[in-house]
Amino acid sequence: MDAASNPLLNKVYMPNGSLQYFGFFGGGPASERQKAYLRVLLQQHAGEPTVEAIREFLNALRENPESRIEVCHVSPAISYLKRLNR
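The notes below deal with the structure included here. Residue indices begin from 1 for each chain and proceed along its sequence in written order. Where local features are concerned, this predicted model is filtered to residues with pLDDT of at least 70; where side-chain atom pairs are given and counted, the filter is 80 or more; whole-chain, interface and lining totals use all residues. Only hydrogens and water are set aside; all other atoms, that is, all heavy atoms of the structure, feed into the side-chain values.

Observations regarding the environment of Pro 76
Assignment of secondary structure puts Pro 76 in helix 4 (residues 71-84). The classification of residues rests on relative accessible area computed with a 1.4 Å probe and restricted to protein chains. Under 20% of the type maximum is buried, over 50% is exposed, and intermediate values are partly exposed. With a relative accessible area of 3%, Pro 76 lands in the buried category. For the pair Pro 76 and Val 12, spaced 64 residues apart in sequence, the C-alpha to C-alpha distance is 6.0 Å. Counting from the N terminus, the helices are DSSP H or I runs at least four residues long and the strands are E runs at least two residues long.

Right under this line is the structure:
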C-alpha cells in the first residue's frame, strides 16, 4: 500500500497537490520517539476517517518485511495531526 492509493491521505502527504516524501522531511528510519509521539496523536483522534487511513497505511508498512517506517512517513502525519488540535 502506498499513500497515493488512498484519497484520504492526499491531505496528509500531498497537501499542496504534490508529493512531499523528499526534501525537508528527509529519509532514514523514524526514531522511536517520533513513532511514540505519532501513536499518541493517533490515539487522541481515533475514529476520524483520515486518522484511521494514516493508521492503516503505517500498519501496512510495519507488517511488510520489505518496508520500514521512515521520517518521510511520520513527519507529515504528525504535522497533519497537530493541525487537528488547533
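Once the structure has been displayed, the description carries forward.
A closer look at the nonpolar core
Buried Ala, Val, Leu, Ile, Met, Phe, Trp, Tyr and Cys residues form a nonpolar core when they are joined through side-chain atoms within 4.5 Å. In terms of nonpolar packing, the biggest core is built from 19 residues, with Tyr 13, Leu 38, Ile 54, Leu 58 and Leu 81 touching the most fellow members. Of all elements in the fold, only helix 1 (10-13), helix 2 (32-44), helix 3 (49-63) and helix 4 reach the threshold of two or more residues within this core. Sort the elements by how many residues they give to this core and helix 3 lands first, with 6 residues. Here, residues are in contact when the closest pair of their heavy atoms is within 4.5 Å. Other than its neighbours up to four places away in sequence, Leu 81 contacts Leu 38, Leu 41, Leu 42, His 45, Val 51 and Ile 54.

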